[in-house]
Each structure stands twice: as C-alpha cells, then as structure tokens.
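Listed below are the residues making up each chain.
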Amino acid sequence: RGEVYALRAVGQFYLFGRGVEQDFGQAHQLFQRAADLGDPRAHAFLGFMYYTGVGVEKNNETAFEHFKTAARSREPAGHQGLGVAYRYGAGVEQNYQEAYLNFRQAAEKGVGEAFYNLGVMHLEGLGVEQSNKQAFDHFRQSADRFHLHGLY
C-alpha cells in the first residue's frame, strides 16, 4: 500500500509542479502505475487528466472509465468526476439525475466542489426541482470547505 501511495503522491508533485518541475508525462506515468496496482484515487487523477487534456490527448470516454473505476471503490473524486461527465454528457449520455446522484455521493464525503455542483443543479433546476434555498445551502457548504466558486 505504501508503494501505491508514494506513486500517487509523487505523481501529484509532478502534476502540480510542487517541489519539482511540472511534468505532465511523468505525472501520467506514475498515476498509471498506481492505478495498475489498484489505487482508486490514481484512477480519479487519470480521469481528470483525460477530461481536461492535461498532459494527454483529451478523451472523455477514457476519463469516464477512470472516474467509474474510482467511484466503484467509493473514491469521492471518482464520484465528482462522474457527476461532471453525466452533467455535461462527456464520454457518456447526459443524465442530470446520475450527475446529481454522483455529486451527492461526493458531497457526503466532504468534497467542496460537489456541494458547489449540487448548488448549481438546484439553482438551474437541472434534474431536480429548482430551489434557491437548496442552492444557497449547497453553496454555503461549498464555501465552508473553501471551494472558490462557493465563496462567490
């Protein structure tokens, strides 16, 4: 387990350029090794890289598969990624109910971005009844977790 954690941690250093020169290729390689060893959070990082096209060719289908693998292990970042994929129809057919369900699962684990996304869904009535009160409550919970968009 320590090796997997180390691979993922060093991958994050390379991805974000913390203490090392930023190197997306090295980050991808390390995340892939950790994912191959069964690390769900490494799958979530790979999903992020493929969804955004950071260091790899953008591929929503591959991103979706990585997020799904992470979420199967109850990794909150996997649920957050699935929520985004379902909300925008990225690599999967758009489905607001599935988006909401996955954002909710990530929020239950304390993911600030998930609270923000739940707030947007309530504000815009995407797959749920439009509710300014529910939107405000979710935005407040997002801000409480220092998510930048929730602070506005």
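In what follows, the structure referred to is the one given above.
What comes next is a walk through the structure. Keep in mind that what you see is a predicted model, and the values were worked out from it rather than measured.

A closer look at the side chain of His28
Part 1: Note that His28 resides in helix H2 (residues 24-36).
Part 2: In contact with His28, not counting residues within four places along its chain, are Leu46, Met49, Tyr50 and Val56.

Looking at the packing of helix H6 (residues 96-108) against helix H7 (residues 112-124)
Part 1: Axis separation between H6 and H7 bottoms out at 8 Å; the angle between their running directions is 145°. Pair H6 / H7 crosses with left-handed handedness. Counting all contacts with H6, which are made through Tyr96, Ala99, Tyr100, Phe103, Arg104, Ala106 and Ala107, the residues of H7 involved are Ala114, Phe115, Asn117, Leu118, Met121 and His122.
Part 2: Partitioning the contact of H6 with H7 into residue classes produces 10 nonpolar, two polar and one charged.

Details of the layout of surface pockets
Part 1: Taken as a whole, the largest pocket encloses approximately 580 Å³ of empty space.
Part 2: Considering the residues around the largest pocket, the lining is formed by 19 residues, among which Ala44, Phe48, Ala77, Gln80 and Glu113 are closest to the centre.
Part 3: At the level of elements, helix H1 (2-16), helix H3 (40-52), helix H5 (76-88) and H7 are the ones that each hand at least two residues to the lining of the largest pocket.
Part 4: Partitioned by chemical class, the residues of the lining of the largest pocket number 12 nonpolar, four polar and three charged.

Regarding the environment of Val20
Part 1: Secondary-structure assignment places Val20 in the loop between H1 and H2.
Part 2: The class for Val20 is partly exposed, based on a relative accessible area of 31%.
Part 3: In this structure the C-alpha to C-alpha distance between Val20 and Lys109, which are 89 residues apart in sequence, comes to 30 Å.
Part 4: In contact with Val20, not counting residues within four places along its chain, are Phe13 and Tyr14.

Details of the packing of aromatic side chains
Part 1: Applying the stated criterion to the full structure yields three aromatic pairs.
Part 2: Summarising the aromatic geometry, the rings of Phe31 and Phe45 are spaced 4.7 Å apart at their centres and angled 5° between planes, so their arrangement reads as stacked. Here Phe31 is found in helix H2, whereas its partner Phe45 is found in helix H3, with 14 residues between them in sequence. Phe45 carries the same exposure label as Phe31, and that label is buried.
Part 3: On the basis of an interplanar angle of 90° and a centroid distance of 5.5 Å, the ring pair of Phe64 and Tyr86 is categorised as edge-to-face. Here Tyr86 lies in helix H5 and Phe64 lies in helix H4 (residues 60-72), a separation of 22 residues in the sequence.
Part 4: On the basis of relative accessibility, which here comes to 6%, the residue Phe64 falls in the buried class.
Part 5: Here Tyr86 falls in the buried class, since its relative accessible area comes to 14%.

Parameters at a glance
Residues numbered from 1 in each chain as written. Predicted model: local features only at pLDDT ≥ 70, side-chain atom pairs only at ≥ 80, totals over all residues. Heavy atoms only, no water. Helix = DSSP H or I, 4+ residues; strand = E, 2+ residues; numbered from the N terminus. Contact = heavy atoms within 4.5 Å. Axes fitted to C-alpha atoms, helices over the stretch in contact; angles between N-to-C directions. Left-handed = near helix turned anticlockwise from the far one by under 90°. Nonpolar A, V, L, I, M, F, W, Y, C, P; charged D, E, K, R; others polar. 1 Å grid on protein atoms, 1.4 Å probe; cavity = no way out; pocket = protein on both sides within 12 Å on 5 of 7 lines; lining within 4 Å. Points joined across faces, edges and corners; volume = space filled by probe spheres on them. Buried < 20%, exposed > 50% of the residue type's maximum accessible area, 1.4 Å probe, protein only. Phe/Tyr/Trp six-rings, centres within 6.5 Å; stacked < 30°, edge-to-face > 60°.

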